[in-house]
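Understanding the architecture of this molecule
Listed here are the chains, written in short residue letters.
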Amino acid sequence: MITTPWGEIEVSDAHVHFFSPAFFKSLAEQKGTDEVGSLLGWEVPESSEYLADRWVVELNHNNVQSAVLVASIPGDVESVGVAVERHPERFHSVLMLNPLTPGADIRCANALQDGQINGIFLFPAMHRYSMEDHHVHSLLAIVAGFPGAVVYVHCGMLSVGFRKKLGLHSPFDMRYSNPIDLHSVALAFPDLPFVIPHFGAGYFREALMVADLCPNIYFDTSSSNRWMRCEPAEIDLARVFRTALDVLGPKRLLFGTDSSFFPRGWIRNVFDTQVQVLSTIGVDAEAAKGILGGNIRRLLQKS
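Residues numbered from 1 in each chain as written. Predicted model: local features only at pLDDT ≥ 70, side-chain atom pairs only at ≥ 80, totals over all residues. Heavy atoms only, no water.

**Overview of helix α3 (residues 48-61)**
The end-to-end C-alpha separation of α3 is 20 Å, in line with the 20 Å expected for 14 residues at 1.5 Å each. S48, L51, A52, W55, V56, E58 and L59 are the residues of α3 that are buried. For α3, the arc enclosing every buried residue in end-on projection is 165°, short of the 170-degree limit, so these residues lie on one face. Facing away from the buried surface of α3 by more than 90 degrees, the exposed residues are V57 and H61. The inward-facing, buried residues of α3 contact β3 (12-18), α1 (21-31), β4 (66-71), α4 (77-86) and β5 (91-97). (Helix = DSSP H or I, 4+ residues; strand = E, 2+ residues; numbered from the N terminus. Expected span 1.5 Å × (residues − 1). Buried < 20%, exposed > 50% of the residue type's maximum accessible area, 1.4 Å probe, protein only. Arc of directions from axis to C-beta. Contact = heavy atoms within 4.5 Å.)

**Quick look at the nonpolar core**
Grouped together as the largest cluster of nonpolar side chains are 80 residues, with contacts concentrated most on F91, L182, F194, I217 and F219. Ranked by residue count, the leading element in this core is helix α11 (residues 237-248), at seven residues. In contact with L182, other than residues within four places in its own chain, are M131, V153, C155, F194, I196, V210 and I217. Counting residues in hydrophobic clusters, the runner-up holds 15 residues, among them A14, V94, F123 and V150. (Core = buried A, V, L, I, M, F, W, Y, C linked by side-chain atoms within 4.5 Å.)

**Regarding the pairing of strand β6 (residues 119-122)**
Both faces of β6 are covered, namely the face carrying G119 and F121 and the face carrying I120 and L122. Relative to β6, β5 is paired through three bridges, and the arrangement is parallel. Across the sheet, the residue bridging to L95 is I120, located in β6. In terms of strand pairing, β6 meets strand β7 (residues 150-153) through four bridges, oriented parallel. Note on β7: the bridge partner recorded for I120 is V151. (Pairing = 2+ DSSP bridges.)

**Here we look at the sheet that holds strand β8 (residues 194-196)**
A sheet is described by the order of its strands in space; here eight strands give the open sequence β3-β4-β5-β6-β7-β8-β9-β10, paired in parallel fashion. Whereas interior strands pair on both sides, the edge strands pair on one side only; in this sheet they are β3 and β10 (253-254). The sheet strands contacting α4 are β3, β4 and β5, and the helix crosses β5 at an angle near 175°. (Axes fitted to C-alpha atoms, helices over the stretch in contact; angles between N-to-C directions.)

**Topic: the packing of aromatic side chains**
Taken as a whole, this structure holds 14 aromatic pairs when the rule is applied. With a centroid separation of 5.5 Å and an interplanar angle of 15°, the aromatic rings of F19 and W42 are classed as stacked. With a gap of 23 residues between them, F19 in the loop between β3 and α1 and W42 in the loop between α2 (36-40) and α3 connect regions that are remote in the sequence. Residue class for W42 comes out buried when judged on its relative accessible area of 13%. With centroids separated by 5.5 Å and ring planes inclined at 75°, the aromatic side chains of F255 and F271 adopt a geometry described as edge-to-face. On the criterion of sequence distance, the pair formed by F255 in the loop between β10 and α12 (268-280) and F271 in helix α12 is long-range, its members being 16 residues apart. With respect to burial, F255 and F271 carry one shared label: buried. Joined through ring pairs, the aromatic side chains of F19, F23, F24, W42 and F261 make up one cluster. One residue, R54, lies across the ring of F262, its end atom 4.1 Å from the ring centre. (Phe/Tyr/Trp six-rings, centres within 6.5 Å; stacked < 30°, edge-to-face > 60°. Lys NZ or Arg CZ within 6 Å of the ring centre and 35° of its normal.)

So this is what it looks like as structure tokens:
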């Protein structure tokens, strides 16, 4: 429990990246050096078991009840599977997948069936595909068959800071980053929850429109939301929250931090900032409890 202006609240973070040994191995292969951790100033975990325990200690230190872990390289089922198996009361997980990769559908189905993951995380701009691609529809049909499963779809601005720091090319294609692309698939799978991270990351208006049309679309509030700098009109986080609440209501907003690496750990200032904003704009206790954890727990426990 964390003490807030509304009293003690059970907080669950809907967006935490799990930078596993496999993640660092992938970066090392791309960079051509084993010194990736030193170059970034990050800790390289010795094992997924160690990293899972490290996150539990970090959550305990911050009085956070649970987190959704994002497997942050395509197909890294084993890493988050270890974390969920080791600490099932603290973690859920979603798997980054490229639907165009052969066998992605089978890997997804097996991981969901085995309880290693609770959903998938799609990056259309990163992997350069349309949400209308038949591979995507096949994948969504599989996920829809598992009650309580969710689909995250990253839209909007996609800038990976650690890749820039390492001098690695990021050939992302913004043509595939518009939240409007979720309209037809969200209608096709009305019982499947779709989560748009970072309020649409620069496509706030478009994300609002598609969420207004599709009640199975949710926003996560994660990261510093630096995309607001690109808005043509003056905007701040209070206005973003007010507008999102007006359109989606409090039950479709999911608090997240976008925490990822150590030694930084859980990004407490993101939580503190969002709590301050929610309090300032007059959100009541019931809504705050949902946004800060109850909503994501409800989604993942649905049966």
